[in-house]
Amino acid sequence: MKNEKQWHFNIRAFVAIVAAISVSGLFLSGIVNHILQNDPITFHRHAWMAAHWFLGIIFIFFVALHAMLNRRALIKHIKGVPSGVPAFSRELILAGAMVSAPFLLSIIHVLIAD
């Protein structure tokens, strides 16, 4: 008898992959929207704007779903911090820096460009 491995659908992996792909598309469509920002509204520009909105909605939905699917781990992480120890882990600090730095650079870019 053959010992075949049964394939199953991993919902957590699916949710994480959809979020990763949609954020990649958000990055691309955001750059194109930035380049086209002063052009008149044409089909081309409107399509990129619609894609950016659509990808943003998908990303928000799947990130919320990801948090819901991993709520036990998130709650354990929050509850597992002993009292007297700062609640900021190295991962949180690194993630915050990776998001804050490009965010601040984009704001500074706008201030310098004007």
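What you see is a predicted model, and the numbers here were worked out from it, not measured in a lab.

The next point concerns the overall build of the protein chain. Within the protein chain, the regular secondary structure consists of four helices and zero strands. Out of the 114 residues belonging to the protein chain, those deemed buried represent 13%. Counting only contacts in the protein chain whose residues sit at least 6 apart along the sequence, the fraction spanning at least 24 positions is 58%. By element, 73% of the accessible surface of the protein chain is carried by carbon and sulfur atoms, the whole surface being about 9900 Å².

It is worth spelling out the packing of aromatic side chains at this point. Here the structure, examined in full by the defined rule, presents four aromatic pairs. Look at F14 and F62: their rings are 6.0 Å apart centre to centre, the planes differ by 80 degrees, and that puts the pair in the edge-to-face class. With a gap of 48 residues between them, F14 in helix α1 (residues 11-35) and F62 in helix α2 (residues 43-69) connect regions that are remote in the sequence. Residues F61 and F62 carry aromatic rings whose centres are separated by 5.2 Å and whose planes lie at 85 degrees to one another, so their mutual orientation is edge-to-face. A relative accessible area of 14% means that F62 is categorised as buried.

Now for the confidence of the model for the protein chain. The predicted model of the protein chain averages 87 in pLDDT, with 89% of residues at 70 or higher. Here helix α3 (residues 71-79) stands out as the element of the protein chain with the lowest mean pLDDT, 79, in contrast to α2, whose mean of 95 is the highest.

A grouping of F103, L104, L105, I107, I108, L111 and I112 is seen on the molecular surface, where their side chains present a nonpolar patch of about 740 Å² in accessible area. Structurally, the position occupied by I112 is in helix α4 (residues 90-113). Given the relative accessible area of 65%, I112 is considered exposed.

Rules behind the numbers
Residues numbered from 1 in each chain as written. Predicted model: local features only at pLDDT ≥ 70, side-chain atom pairs only at ≥ 80, totals over all residues. Heavy atoms only, no water. Helix = DSSP H or I, 4+ residues; strand = E, 2+ residues; numbered from the N terminus. Buried < 20%, exposed > 50% of the residue type's maximum accessible area, 1.4 Å probe, protein only. Contact = heavy atoms within 4.5 Å. Areas by Shrake-Rupley, 256 points an atom, 1.4 Å probe, with all protein chains shown as cover. Phe/Tyr/Trp six-rings, centres within 6.5 Å; stacked < 30°, edge-to-face > 60°. pLDDT = per-residue confidence, 0-100. Patch = residues over 30% accessible without salt bridge, like charges linked within 9 Å, V, L, I, M, F, W, Y side chains within 5 Å. Salt bridge = Lys/Arg side-chain N within 4 Å of Asp/Glu carboxyl O.

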